[in-house]
Each structure stands twice: as C-alpha cells, then as structure tokens.
Amino acid sequence: MSKKNCQFKSRLGIYLVKADLPQHVLDAIYWNKIPKTAGMFGGIMFLLMSLYWYPFLTVVTNFCLALLAVAFLYRIGMTIVNAVQKTSPEHPFQKLLEKDIKVSDERVDSFSKCLAREINCTVKCSQDLFLVKDVFKSMKFGVLLWLLSYVASWISPLTMLTLCVLLAFTVPKLYEEKYVQIDEAIKSVTVAIGAVLETAKQKLPPSALKYLGVNEEKKTN
C-alpha cells in the first residue's frame with residue numbers, strides 16, 4: 001500500500017489505491033508503461049470503432065478468425081523452418097500450451113466478496129436515495145438522472161462506452177498532473193452549491209425541514 005501511495009499525490013490516485021485496484025490497471029490508466037498502455041488503448045478503441053460499423057457478432061468472429069489465421073500461419077511457418085534447418089519439430093506454442101491458465105479459488109473468492117460488498121453498498125445507497133432519506137441528496141440524484149436521460153436521448157450506449165474509455169485513459173493522468181488547480185476549482189463550485197442549498201434551507205419553515213428529514217443546525221453565537 002505504501003509503495004503504491006508514494007507515486008500518487010491526488011485524491012483520485014490515493015482513492016484508487018485504497019480501493020485495492022490491481023497494479024496492472026493502475027499502470028494502464030496512468031500510462032506508467034507507455035507501449036503496453038498504448039497497445040491496450042488502441043486495441044480497445046479499434047474494437048469500439050469496429051462496432052460502430054459492424055454487428056457485435058461479426059466483429060467478434062472476424063477477430064477470432066484473424067487470431068486463428070495468424071496462429072495457424074505461424075505454426076506452419078515454424079514447422080517449415082524446423083524442417084529446413086533439421087531441428088527438433090517442437091511446437092512453437094509449446095510453452096503457452098504448458099501454462100496452467102486458470103483462475104484460482106482464492107481469487108474467485110476474493111472477487112466474490114468484493115462484488116458482494118459493492119452490491120450491498122449500491123443497494124443501501126439506492127435505498128436512501130429513492131426513499132428520500134435526505135431530501136437534498138435525493139434532489140441532486142434526481143437532477144443527475146435527468147441529465148443522464150437527456151444525454152442518453154442523443155448519445156447511443158456505444159458512444160457513452162467509448163467516452164467512458166476515453167475518460168478512463170485521460171482523466172486519472174490529467175488529474176494527477178493538475179490536481180492542485182482542479183481541486184481549487186471543485187472547491188469553489190462546492191462552496192457555491194453549498195451556499196445555494198443553505199439559502200434554500202433557511203427559507204423553509206422549521207416544520208417543513210422536520211417533515212423533509214433535514215436536521216437544522218443549531219446557531220451558535
């Protein structure tokens with residue numbers, strides 16, 4: 001934990017480390033290994049762009065066919081090379097075939113516990129928001145839903161997924177480099193929103209605040 005924390009100074013980076021995000025994911029979204037990340041990012045974007053023009057099943061089958069064709073040609077090529085050089089006809093993918101590629105029971109159990117924890121947290125938050133435990137949080141959630149519905153009316157799910165990928169590969173790195181300026185801007189916006197909400201609370205009568213479940217802060221001289 002401490003070894004990972006030393007490379008991050010922004011709140012987002014520290015939060016992702018505390019959330020036990022795998023190191024290879026952190027390396028990808030923070031571009032710690034540029035060639036590997038560039039290949040991953042390019043491959044994902046190429047797949048998403050392909051889905052814009054062709055059906056999902058067509059993209060998947062063509063990709064698998066291309067992968068199979070490359071492996072098949074490489075196998076034949078290496079067999080010919082070994083025959084010409086009169087070397088042992090070893091399978092070119094023998095090392096990969098001998099690898100025991102499987103998901104361990106411990107990893108599955110850890111993933112299941114993490115997934116259950118996240119699901120329970122989401123259910124609890126949804127319960128508080130939809131049952132209006134805090135009226136102002138529910139109002140903000142409603143505004144967010146309205147914005148999402150407005151965005152979804154003119155942006156397809158595939159476009160939203162593409163934007164999410166772009167944000168995942170750009171926002172963490174950008175925020176890590178400019179976190180001081182971004183934090184100051186977020187703080188200013190938060191203060192402004194808080195002032196508006198506080199003004200709204202003061203204009204409501206105590207009976208309305210009590211009915212809405214808002215705890216009125218005691219004024220101290």
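Residues numbered from 1 in each chain as written. Predicted model: local features only at pLDDT ≥ 70, side-chain atom pairs only at ≥ 80, totals over all residues. Heavy atoms only, no water.

The protein chain has the name Reticulon-like protein in an unreviewed UniProt entry, where Clytia hemisphaerica is given as its organism.

Undergrad: Please explain unusual backbone geometry as it appears in this structure.
TA: Note: most residues except glycine have negative phi, and most peptide bonds are trans. If you check the backbone angles, W31 has positive phi at about 55° while not being a glycine. Residue position: W31 is located in the loop between α3 (23–29) and α4 (34–53). Residue classification places W31 among the partly exposed positions, given a relative accessible area of 24%. Of note, V132 is a non-glycine position whose phi angle comes to about 55°, a positive value. Inspection of the secondary structure puts V132 in the loop between α7 (105–130) and α8 (135–152). By relative accessible area, which is 41% here, V132 ends up partly exposed. (Helix = DSSP H or I, 4+ residues; strand = E, 2+ residues; numbered from the N terminus. Buried < 20%, exposed > 50% of the residue type's maximum accessible area, 1.4 Å probe, protein only.)

Undergrad: Even after reading the chapter, I still don't get the pattern of salt bridges, so can you show me in this structure?
TA: A pair can form between side chains of opposite charge whenever their charged atoms are brought close. Within the structure shown, the criterion is met by 4 salt bridges. For R11, the salt bridge goes to D183, with nearest N and O atoms at 3.1 Å. Of this pair, R11 sits in helix α2 (residues 11–18) while D183 sits in helix α10 (residues 179–203), placing them 172 residues apart in sequence. Its relative accessible area of 54% is what places R11 among the exposed residues. As a salt-bridge pair, K124 and D128 come within 3.7 Å of each other at their nearest N and O atoms. (Salt bridge = Lys/Arg side-chain N within 4 Å of Asp/Glu carboxyl O.)

Undergrad: Just to check I follow, could you spell out the UniProt feature "transmembrane region" (unreviewed entry) in the protein chain for this structure?
TA: What UniProt calls "transmembrane region" (unreviewed entry) maps, in this numbering, to residues 51–74 and 143–169. Span residues 51–74 is 92% helix and 0% strand, its end C-alpha atoms 28 Å apart. Helix makes up 85% of residues 143–169 and strand 0%. Its end C-alpha atoms lie 27 Å apart. (UniProt positions renumbered as here; feature names shortened; annotations may be inferred.)

Undergrad: Even after reading the chapter, I still don't get α2, so can you show me in this structure?
TA: Each full turn of the α-helix corresponds to 3.6 residues, which orients residues three or four apart in the same direction. Every buried residue of α2 is accounted for by G13, L16 and V17. Around the axis of α2, the buried residues are gathered within 100° of arc, so they sit on the same side. Across α2 from its buried face, at more than 90 degrees, point the exposed residues R11, Y15 and K18. In the segment just after α2, D20 is the residue with positive phi, at about 60°. (Arc of directions from axis to C-beta.)

Undergrad: Before we go on, may I ask you to explain helix α9 (residues 157–177) in this structure?
TA: The end-to-end C-alpha distance of α9, which contains 21 residues, comes to 30 Å, matching closely the 30 Å that a straight helix rising 1.5 Å per residue would cover. In this structure, the buried residues of α9 make contact with α2, α3, α4 and α10. (Expected span 1.5 Å × (residues − 1). Contact = heavy atoms within 4.5 Å.)

Undergrad: Teacher, can you tell me more about the domain arrangement of the protein chain here?
TA: Note on interface size: it is often stated as the accessible area lost on association of the parts. One can read the domain layout of the protein chain as domain 1 (119–154) and domain 2 (158–205). Between the C-alpha centres of domain 1 and domain 2 the distance comes to 17 Å. (Domains from an automatic or database assignment.)

Undergrad: What am I meant to see in the packing of aromatic side chains here?
TA: Note on aromatic pairs: each is described by the distance of the centres and the angle between the planes. Going through the model one piece at a time under the given rule, you end up with 7 aromatic pairs. Aromatic pair F8 and Y30: ring centres 4.6 Å apart, planes at 50°, arrangement tilted. Here the residue F8 occupies a position in the loop between α1 (2–5) and α2, and Y30 occupies one in the loop between α3 and α4, the gap between them amounting to 22 residues. Across this residue pair, the class does not change: F8 and Y30 are buried. Ring geometry for F41 versus F169: centroids 5.0 Å apart, planes at 50°, classification tilted. One end of the pair, F41, is in helix α4; the other, F169, is in helix α9, and 128 residues separate them in sequence. (Phe/Tyr/Trp six-rings, centres within 6.5 Å; stacked < 30°, edge-to-face > 60°.)

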